[in-house]
Every structure is written in C-alpha cells, then in structure tokens.
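Reading the structure
The primary structure of each chain is shown beneath.
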Amino acid sequence: MKLATVRHGGRTTAALVVAGGYQPLPARNLSELLALPGWKSILKEASSGHCGPDVLPASEIELLNPVPNPAKVICCGLNYAEHILEMGRELPDYPTLFAKFADTLTDPDAPIVADESVDLDWEAELAVVLGSTLKDASEDEAAAAIAGYTVANDISMRDWQRRTLQWFQGKAFDRTTPLGPVLVTADALDPEAGLEVICSLNGEEVQRGNTKTLVFSAARLLSYISSFTVLRPGDVVLTGTPGGVGMGMVPPRFLKDGDELVTQVPGIGTLHNRISLRINA
C-alpha cells in the first residue's frame, strides 16, 4: 500500500492512498504514525475498505515530505556495483556512511534553494524508512523492520564538499533533500529484485540505475548501521546513487538557476524540483 503525509485545509495528516484520494490516518504525519506501537493494525483497518466520506480528493491536497521528523537520516556513499567498477574501483568491504539532519529534508515538489553554493549536483536515490527499532540486528531482522520505501535526491554542494576531507558540510544544507511523494510499504516492493532509479535534468535523462546492483542491500545496510547506533521508527536511510552525477562528467556539470530536476522510482513516484540559485543565476 501507499502512504503519504498531506496538507489539506491548512492542516496536515498522515494518509492512506485509496481510490479517489487520500484516507486520513490518526497522526499528523507518517513520522508520528510509525511511532505508534499499533501502526500496522491502523493500516489494516484503514485498508479494509471502510473509508467512508472522509476521503480527501487528490485535487484538494498537497503532498509533503512523508517523514518530516526522523531522529536519524543516514546515507550511503558509492553503493551501485556497476558504477563503482566503471570508475575503476574495487567493491568495498564496508559501506561509506554519512549523516544528515531532518532539516535537510524537504517536500517532493519544493524548490531547492542554496544561495551559498555554486556547484550543486544531483544524486537520485532509493530511501528506506524504519518501522520498528533495530539494534545489533541480523539482516533478516533488519528486513522485517522496514516500514517502506520512498524516493530521494541527495542534492550535494560539491564546492562545499571539497573544502575538507569530511563530506558533511556539502550534504547538509537546509531543505535541499527532497523526499516522497509517498511511502510504499515493504510488502509491496522488493529492491533486491530490482527497482529503477532515474534522474532527469530539463528533460534529459542523466541517471538510471537498478537497485539489484546495490553492493549493500537495504537490509544489509540497516543491519550494519544498527551494530553501532540504534535505529528507530521513522528513521531514514538513503541507499546511494547510481552513475551519472554531474561531478563525474567531463567536464563536470552542475545545476543552474531555473533547472528542473525530476527524480523517479517507478512503483513509488516522482519528485519535481526547480533549482533556485542566486549566486550563479
């Protein structure tokens, strides 16, 4: 099933995607819903067909970042085998990880504003959202703890990223990582069987990868991360980006003011983000 956080009439609500619109759920967003011990039972009841007159028409809602309040946002660097090999590198034994803040996340159709950077780059990704607490988990336990999957673009400020050996400052600008438009529950998707991850810039496809080539699967990533930090419901893990980023082009290519970025994972949905850059407009 598909879940969302929507705005309607000035208020936000978690919602189940149903025929004709969105069925409100008893939480202001999916972060709050997933924190409820009985969230799976709530979804089962909501999906039983007893939607009634409360369904919000799609034409009257605004889709928001589905999980606005994660305690942790953890990202994986190079993780697509084909891309790693084409770059002349060996497959890693351990994932390269870095962290973001919740403030970095933004809505699926939000403009991306980063006036202090000149070298903005795109990174289409599949994101994993936790549905239960994990600590020192096996891969099977980690897989069972996944609430679902959504689409992300880890837009990166390469000029800031290159300032030091640490990536953090180039990855954590406020409201520059769009997420959404919906969360698809784990029982409806299997990334290991293969999901396309696609990014287009002004109508030109610049990235296309498949999650079946991930070196570290979603479950393996969560298991590894849980060995050193606890993961809780609503936490978000970005699984890495395929080849085709602007920094890897010859010459490098970066986003410009007014560019239209479209990020898609078929089966989940599409992000539409316009770039707003005063510094190189």
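Calculation rules
Residues numbered from 1 in each chain as written. Predicted model: local features only at pLDDT ≥ 70, side-chain atom pairs only at ≥ 80, totals over all residues. Heavy atoms only, no water. Helix = DSSP H or I, 4+ residues; strand = E, 2+ residues; numbered from the N terminus. Rg over C-alpha atoms; globule rule 2.2 N^0.38 Å. Buried < 20%, exposed > 50% of the residue type's maximum accessible area, 1.4 Å probe, protein only. Salt bridge = Lys/Arg side-chain N within 4 Å of Asp/Glu carboxyl O. Pairing = 2+ DSSP bridges. Phe/Tyr/Trp six-rings, centres within 6.5 Å; stacked < 30°, edge-to-face > 60°. Contact = heavy atoms within 4.5 Å.

Time to look at the overall build of the protein chain. Looking only at helices and strands, the protein chain features 6 helices and 19 strands. Against the globule reference of 19 Å for 281 residues, the protein chain gives a C-alpha radius of gyration of 18 Å, in line with a compact fold. Referenced to the eigenvectors of the C-alpha coordinate spread, the extents of the protein chain come out at roughly 55 × 45 × 30 Å. Each of the 281 residues in the protein chain was classed as buried or not, and the buried ones make up 53%.

Take helix α6 (residues 218-226) next. Most of α6 is tucked away, with 7 of its 9 residues classed as buried. All buried positions along α6 are accounted for by Ala218, Ala219, Leu221, Leu222, Ser223, Ile225 and Ser226.

This next bit is on the pattern of salt bridges. Considering all chains together, one arrives at 12 salt bridges under this definition. In this structure, aspartate 154 engages lysine 100 in a salt bridge whose closest nitrogen and oxygen atoms are separated by 2.7 Å. Pair noted here: aspartate 154 is in the loop between β12 (146-153) and β13 (156-157) and lysine 100 is in strand β7 (residues 97-100), with a separation of 54 residues, a long-range link. Among the ionic pairs, glutamate 123 bridges to arginine 158, the shortest N-O distance being 2.6 Å.

Quick look at the pairing of strand β2 (residues 11-18) now. Looking at chain direction, strand β1 (residues 2-8) and β2 are connected through 6 bridges and run antiparallel. From the neighbouring strand, histidine 8 faces β2, where its bridge partner is arginine 11. Remark: 2 residues form the turn of the hairpin made by β1 and β2, two consecutive strands paired antiparallel; glycine 9 in that turn has positive phi of roughly 60°. Across 4 bridges, the pairing between β2 and strand β3 (residues 21-24) is antiparallel. What sits directly across from valine 18, in β3, is glycine 21. Once β2 ends, the chain turns through 2 residues before running back antiparallel as β3, passing glycine 20 with a positive phi of about 90°.

Moving on, we come to the packing of aromatic side chains. The way to describe two aromatic rings as a pair is by their centre distance and the angle between their planes. Under the counting rule described, the total for this entry stands at 5 aromatic pairs. Look at phenylalanine 101 and phenylalanine 168: their rings are 5.6 Å apart centre to centre, the planes differ by 85°, and that puts the pair in the edge-to-face class. Of this pair, phenylalanine 101 sits in the loop between β7 and β8 (105-106) while phenylalanine 168 sits in the loop between α5 (158-161) and β14 (177-185), and the two are 67 residues apart along the sequence. With a relative accessible area of 48%, phenylalanine 101 lands in the partly exposed category. Of the residues examined, phenylalanine 168 reaches a relative accessible area of 41% and is grouped as partly exposed. Consider the rings of tryptophan 160 and phenylalanine 173, whose centres lie 5.2 Å apart with planes at 85°: the pair is edge-to-face. In this pair, tryptophan 160 sits in helix α5 while phenylalanine 173 sits in the loop between α5 and β14, placing the two residues 13 residues apart along the sequence. Accessibility expressed as a relative area gives 14% for phenylalanine 173, which makes it buried. Here a set of aromatic residues connected by ring pairs shows up, and it is made of Tyr94, Tyr224 and Phe228.

All right, on to the environment of glycine 194 then. Counting through the fold element by element, glycine 194 comes out in the loop between β14 and β15 (196-201). Relative accessible area serves as the criterion here: at 27%, glycine 194 is assigned to the partly exposed category. If we ignore the near neighbours within four places in the chain, the residues touching glycine 194 are Asn210, Thr211 and Lys212.

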